[in-house]
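If you want the building blocks of each chain, they are given just below.
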Amino acid sequence: MFAAGVGIPILAALNAALGTRIGSPVAAAAILFTVAWLATAAVLLVHGPAPLAKAWGAPKHLFLAGLFVVFYVLSVTIIAPKFGIGNAVFFVLLGQIFCAAAIDHFGLFGAALSPLTLKRALGVATMCLGLYLARKV
């Protein structure tokens, strides 16, 4: 997960630069998704595509995850060149911390229930303060 976290600002920087270079953040996002689809398709071929047949029986709201990915990529591709990669990722991380705490607290989307105790809330607040200080100092 650390490597995935490392990839987020790199993704943001690369795609924002591509969007600026070609003059269209939307086209840059389309290119990103094309490359991502090709890479995913290759991995799927190696692992076997049989599980795809089960996808049609899954609850349809689970497919909304793709829209969140599109929203993230378009947002960061459009905003980061103007706002800065660090600032963009800072706000992404704040959103992730708050949303993850809510998902765990309520057990949303099938997540394991992990109530937001005072101790956990202080931990979340400390993480947010740390992010703020890292950007302001």
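Residues numbered from 1 in each chain as written. Predicted model: local features only at pLDDT ≥ 70, side-chain atom pairs only at ≥ 80, totals over all residues. Heavy atoms only, no water.

Looking at unusual backbone geometry
Its identity is not glycine, yet F109 carries a phi of approximately 60°, on the positive side. Along the chain, F109 turns up in the loop between α5 (85-106) and α6 (118-136). On the basis of relative accessible area, F109 is assigned to the exposed category, the value being 68%. (Helix = DSSP H or I, 4+ residues; strand = E, 2+ residues; numbered from the N terminus. Buried < 20%, exposed > 50% of the residue type's maximum accessible area, 1.4 Å probe, protein only.)

Topic: helix α4 (residues 65-83)
Counted at 1.5 Å a residue, the expected span for α4 with its 19 residues is 27 Å, and the 25 Å between its end C-alpha atoms agrees. Along its length, α4 shows its largest kink, about 25°, at T77, and proline P81 lies within four residues downstream of that point. Among the residues of α4, V73, V76, T77 and A80 are the ones counted as buried. Remark: G84 follows α4 within two positions and exhibits a positive phi of approximately 95°. (Expected span 1.5 Å × (residues − 1). Bend = angle between axes of the 7 residues up to and from the residue.)

Some thoughts on the side chain of T77
With respect to the secondary-structure elements, T77 resides in helix α4. Residue T77 is classed as buried on the basis of its relative accessible area, which comes to 2%. A polar contact of 2.9 Å, which involves the side chain of T77, links it to the side chain of N15. The contacts of T77, once residues within four sequence positions are left out, are N15, A16, P25 and A28. (Polar contact = N/O pair within 3.5 Å; in protein donor to acceptor, adjacent residues only side chain to side chain. Contact = heavy atoms within 4.5 Å.)

So, α6
When the terminal C-alpha atoms of α6 are compared, their 26 Å separation across 19 residues agrees well with the 27 Å that a helix rising 1.5 Å per residue should span. Burial in α6 covers these residues: V124, C128 and L131. Taken end-on, α6 shows its buried residues confined to a sector of 55°, consistent with a single buried face. In α6, the exposed residues that point more than 90 degrees away from the buried face are L118, K119, L122, T126, A134 and K136. (Arc of directions from axis to C-beta.)

Considerations on the packing of aromatic side chains
The relative placement of two aromatic rings is captured by the distance of their centres and the angle of their planes. For the structure shown, the criterion picks out 3 aromatic pairs. Ring geometry for W56 versus F63: centroids 6.4 Å apart, planes at 20°, classification stacked. Residue F63 is classed as partly exposed on the basis of its relative accessible area of 41%. A centroid spacing of 5.8 Å and a plane angle of 35° characterise the contact between F83 and F91, whose relative ring orientation is tilted. Judged by its relative accessible area of 37%, F83 is partly exposed. (Phe/Tyr/Trp six-rings, centres within 6.5 Å; stacked < 30°, edge-to-face > 60°.)

Re the side chain of N15
For N15, the location among the structural elements is in helix α1 (residues 2-22). For N15, a relative accessible area of 5% puts it in the buried group. Each residue touching N15, except ones within four places of it in the same chain, is listed here: A28, A29, L32, V73 and T77.

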